[in-house]
Structure formats: structure tokens, C-alpha cells
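Structural overview for review
Given next are the chains, with one letter for each unit.
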Amino acid sequence: MLKSPYDTDCITWSPQGRLFQIEYAMEAIKQGSLCVGLKSNDYAILATLNRAPSKLAEYQQKLYEIDEHIGLCFSGLTADGRLICKYLRTEALNYKYTHGTNINPQRLVGKLSDKAQIKTQRHSKRPYGVGCLVIGLDENGPHVYETSPDANFYEYYAVAIGARCQSAKTYLEKNYETFANLSKDELIIHAVKAVKSSAQSDVELNGRSVSVAIVGRDTPFKFLTSEEVEATLLHLGQAMEVEV
Amino acid sequence: MSKFNPYNDNGGTVVAVAVGSRVVIGGDTRISNGYNILSRNYNKVTQLTSTNFIATSGQVTDAQTLHKLLLAKVALYKHQHGHEPSLKALSKLLCVTLYSRRFFPYYTFNLLCGIDDDGQGKVFGYDAIGSFDELKYGAQGSGQQLSISILDNQMKGTNRNDDYSFNGDPVGLVKDVFNAIAERDIYTGDHVLIWDVSPQGINQSAFNLRSD
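Each value, and the rule that gives it
- Residues numbered from 1 in each chain as written.
- Chains lettered and ligands numbered in written order.
- Predicted model: local features only at pLDDT ≥ 70, side-chain atom pairs only at ≥ 80, totals over all residues.
- Heavy atoms only, no water.
- Pairing = 2+ DSSP bridges.
- Helix = DSSP H or I, 4+ residues; strand = E, 2+ residues; numbered from the N terminus.
- Axes fitted to C-alpha atoms, helices over the stretch in contact; angles between N-to-C directions.
- Salt bridge = Lys/Arg side-chain N within 4 Å of Asp/Glu carboxyl O.
- Buried < 20%, exposed > 50% of the residue type's maximum accessible area, 1.4 Å probe, protein only.
- Contact = heavy atoms within 4.5 Å.
- Buried area = accessible area lost by both parts, 1.4 Å probe.
- Polar contact = N/O pair within 3.5 Å; in protein donor to acceptor, adjacent residues only side chain to side chain.
- Left-handed = near helix turned anticlockwise from the far one by under 90°.
- Nonpolar A, V, L, I, M, F, W, Y, C, P; charged D, E, K, R; others polar.
- Lys, Arg positive; Asp, Glu negative; His and termini not counted.

All names here are of chain A. The strand order across the open sheet formed by five strands is β3-β4-β5-β6-β7, and the pairing between neighbours is antiparallel. Where the open sheet ends on each side, the last strands, each with one partner, are β3 (63–67) and β7 (153–156). The mean inter-strand angle of the sheet, taken between neighbouring strand axes irrespective of direction, is 25°. In terms of strand pairing, strand β6 (residues 141–147) meets β7 through four bridges, oriented antiparallel. Following the sheet pairing, Y145 is matched in β7 by E155.

Residues and elements named next belong to chain A. Taken together, five strands build an open sheet; the order of strands is β8-β1-β2-β9-β10 and the sheet is antiparallel. Strand pairing shows two members of the sheet lacking a second neighbour, β8 (158–161) and β10 (219–223), which therefore form its edges. Each adjacent strand pair in this sheet contributes to an overall mean axis angle of 10°, direction not counted. With three bridges connecting them, strand β9 (residues 210–216) and β10 associate as antiparallel partners.

Take the pattern of salt bridges next. Tallied over the entire structure, the rule returns 20 salt bridges over all chains. A salt bridge links K39(A) to E155(A), with the shortest nitrogen-to-oxygen separation between them at 3.7 Å. With K39(A) in strand β1 (residues 35–39) and E155(A) in strand β7, this residue pair connects regions lying 116 residues apart in the sequence. Taking relative accessible area as the criterion, E155(A) reaches 39% and is therefore assigned partly exposed. A salt bridge links D212(B) to R210(B), with the shortest nitrogen-to-oxygen separation between them at 2.6 Å. Because the salt bridges share partners, they merge into one network encompassing D67(A), E68(A) and K96(A).

Now for the interface of chain A and chain B. Contacts between the two partners involve seven residues from chain A and, on the opposite side, eight residues from chain B. A combined buried area of about 670 Å² lies between chain A and chain B, and 66% of that area is made up of carbon and sulfur atoms. Three residues stand out in chain A for area buried against chain B, namely R89(A), L93(A) and Y97(A), and they jointly supply 83% of the buried area on that side. Scanning the region where chain A abuts chain B turns up zero salt bridges. At the boundary of chain A and chain B, one finds three residue pairs in polar contact (both at pLDDT 80 or more). Secondary structure elements with two or more residues in the side of chain A that touches chain B: β3 and α2 (78–99) of chain A. Top contributing element to the side of chain A that touches chain B by residue count: α2(A), with four residues.

Here we take up the packing of helix α3 (residues 144–156) of chain B against helix α4 (residues 170–184) of chain B. All names here are of chain B. Interaxial distance between α3 and α4 falls to 9 Å at its minimum, and their mutual angle equals 145°. Handedness of the α3/α4 crossing: right-handed. Judged by residue contacts, L146, S147, I150, L151, Q154 and M155 of α3 engage L173, V177, A180, I181 and R184 from α4. Among the residues forming the contact of α3 with α4, the class breakdown is eight nonpolar, two polar and one charged.

For R89(A), the position within the fold is in helix α2. Of the side chains with opposite charge, E65(A) comes closest to the buried, unpaired R89(A), at an N-O distance of 6.5 Å. Within the local environment of R89(A), its side chain forms a polar contact with the backbone oxygen of E65(A), the two atoms lying 2.7 Å apart. Among all residues touching R89(A), those that are not within four sequence positions of it are Y64(A), E65(A), I66(A), H79(B) and Q80(B).

A few words on the environment of Y154(A). All names here are of chain A. Turning to its location among the elements, Y154 is positioned in strand β7. A sequence separation of ten residues divides Y154 from V144, and the C-alpha atoms of the two residues are 8.4 Å apart. Apart from the residues lying within four places of it in its own chain, the contact partners of Y154 are V144, Y145 and E146. Engagement of the side chain of Y154 in a polar contact is seen with the side chain of N152, the distance being 3.3 Å.

See below:
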């Protein structure tokens, strides 16, 4: 994207009817590392490719539990992501305290979008620099949502955001119609394959650089252990070349 | 005209005994209001983590709110720390939660019990504004005075002339204590719910008391 006039702050329209600060914020997501979300009739899964700032450092966690029925991962400015995680956890907990039941995931995502919208209409604020993938369970089953700095949210069968997400998206587009009746393990394999398809050859894929979490009708939100992720990666490595 | 009194004692008793790596918690299931019985089937004990419980006597609405609040605080702790709070951490958490209402207290008399990080079963007893102490055994509620004397005698060997140390079954002891209280305390009766908590797991049982 090239610099343009009318992009100094969030409250100035361009003559074409665009708010450039929001569009620049969306660019920040593309700099972040990959997140993948997908679902079947019974489960929803998030998978992330984690980054480490250097060889000496630990991989940074991007996948978080919000409540026993909701999980979140994000790409972009990870600091914004962690604060969003804190907010969603508080909202979900307050709802459960007041109403005695789990919050509807779509309502929770809507609350986040409302907060994001405020940040696009004040001169003193900047939009969130992070796109979130949210998986959640309600009485109709599992759902996958994407939120973005433009304060919209969308529901998906399968989605990928972050660096080189096009490869993952292409893989998901080819395969998503088969997801509905898959078993938990088959679905996990698809998620990890999607992450693999976007990873460059020099990126090390192991149980710490790849995080996977699942939520389902009979499964409260939980992470796959790094051993389970390693086992899946090993299984895929021994199988045929990933078709993209 | 009488001023509105926000407090009301709904009666009942809770008892807890810690022996080694095990703790036994019992609470009767009666709620009263004055001379009336409101329920014969009410549970006064809430499980907060996989090994820790809170048992409360006093005012039911304050107890329910306190339990709800603690469950939410435990959930937040789990999110922030990645693991459950230890019994030690929970004991302080309950203390500060109660003290935060120092000037309009929760009318609750609590026993916090469970298995701590060192593998030992423990009981913590509280007053309404958060003063607490670690105990080997505790009782709260309308039957406290009746039960504590028995527990002192059986667990510590007070008021007896023989050489004695407790080596019986703590579940049996809790049952005997409740039977004794129910004989003389009008607010304790109906049934008792008992949790036998040890590193091997949690064994829940119930038994009947006098219904009068």
C-alpha cells in the first residue's frame, strides 16, 4: 500500500469514501503469523503457527481459552490480542456469574466488534492491530468467527488469516465440504495440514511452534498437548506430500 | 415501625475433619426461617477446584452469592495462572473477599477444606469478616458448639482420662457428630451430604437425620 493524503487519522475520510487508517490496520494482520480455524458438525478447531523473536527465545503463545466453550487466537499486534483476550474472558465470566449459563459466542464476538468500532471513530484512538479467530459452542453446535480492525465479524466454515494464509485458504476451500461429518482426529489432521501448507520450508514445525485447540459438544475447550501435536505432524510427515 | 433488617440466619451446621492426606466434609441439608423449615434438601457445600471445597452456614442468599463469586474468581485464576489455585491461595482469596465487605458483611460462617500442594488435607475456619485460621477440624453454624465439644474429645482427647489418639474412620466420626447435633439442635436435621476427599478421589455420600 502506498502512502496517501487523508491517512493521518481515523476520523478523516478520503474522497473515495475510505478510511485509510483502518485499511492500514488490516495490513498489520498480514504481518502476523498464521491462524487457521475450521469446524465440523460437532467440533471446531483452531490451529496457529507460533513465532519466536529469535533462536534463543520461546515461541509466543497466540491461542487462549476464553471460557470452557470458547477459544481465541489472533494474528497481528499480539499485545492488542492479549488485551482482547482479557476483555473477552471478563465479559464471559461476568455473563456466567449473572445468568448462570455460558455466553452465546456470537454475542461475545459482537461485543468485541462494538468495542473495535469505537476505536475507529475517535480522533484520539487507533483501531485494533489484530484479527481474531474465535471458536465457540452454542445450542446449535460449533461456530468459527473472524473479527478484524474494521469492527466487522464474519462466521465461517473454515478460515485462515495471517502471513501466507492464501495457501491455507486454498487447501481449506478444496476440502471444507467434507468436514461436516469427520471425526475429531480427521478434523485435527486437516487443521494441521492447513498450517503446514502455509509454512515455508525453513520454518520448524514442532509441538511448540504449532498450537492446536478444540471445542465440541462433548468436549470443553482444551489444548492438544505438544506431544499430540508432534504425533500429528509426524504422521503427516510420513504420509504423502501435502496437496495444495 | 421496625427498621429493615438485611440479615437472617437460615440455620444448619457444617463440619470438616482433616486426617493425613484426607479431608471429610459434611453439611446438613436443612434451611430454616425462624421455627419454619424452608427446605430439607439444600446443599451447603460447593466444590471450587478438583480438591478444594467451601462449606457455609449462615444466611443462604449471602452463601450462594459468595460461592458464585468464588467460582468466578477461581475461573479467573485458572485463566491467568494456567492451573488451579492451591488451598493456601484459596484461603487468602476467601479472606480478602470476605473483608472487602467489612462494612456490610456476608452473613456467612465458612469452612474452606481440601488438599493442599503438600498433599496434606487441611481445614480453614472463618468468621463473617474474613478472620481465618488453619485447623485440624472445624464446625460452623447452629450446631457448632455442640459438635466442637465432641470433636475436641475425639480428635484431641480433651476431657477424658485415658491415653487416647484418634485412629478411627473420619467419615464415621462426622456421621456420629451430626446425629448428636440433630438430637438437640432444632435447626439441624433431615439429611447430611458428606464428601470424602483424598488424592485417590472424591467419594460423595448421604445419610438421613431426624426430620423433627
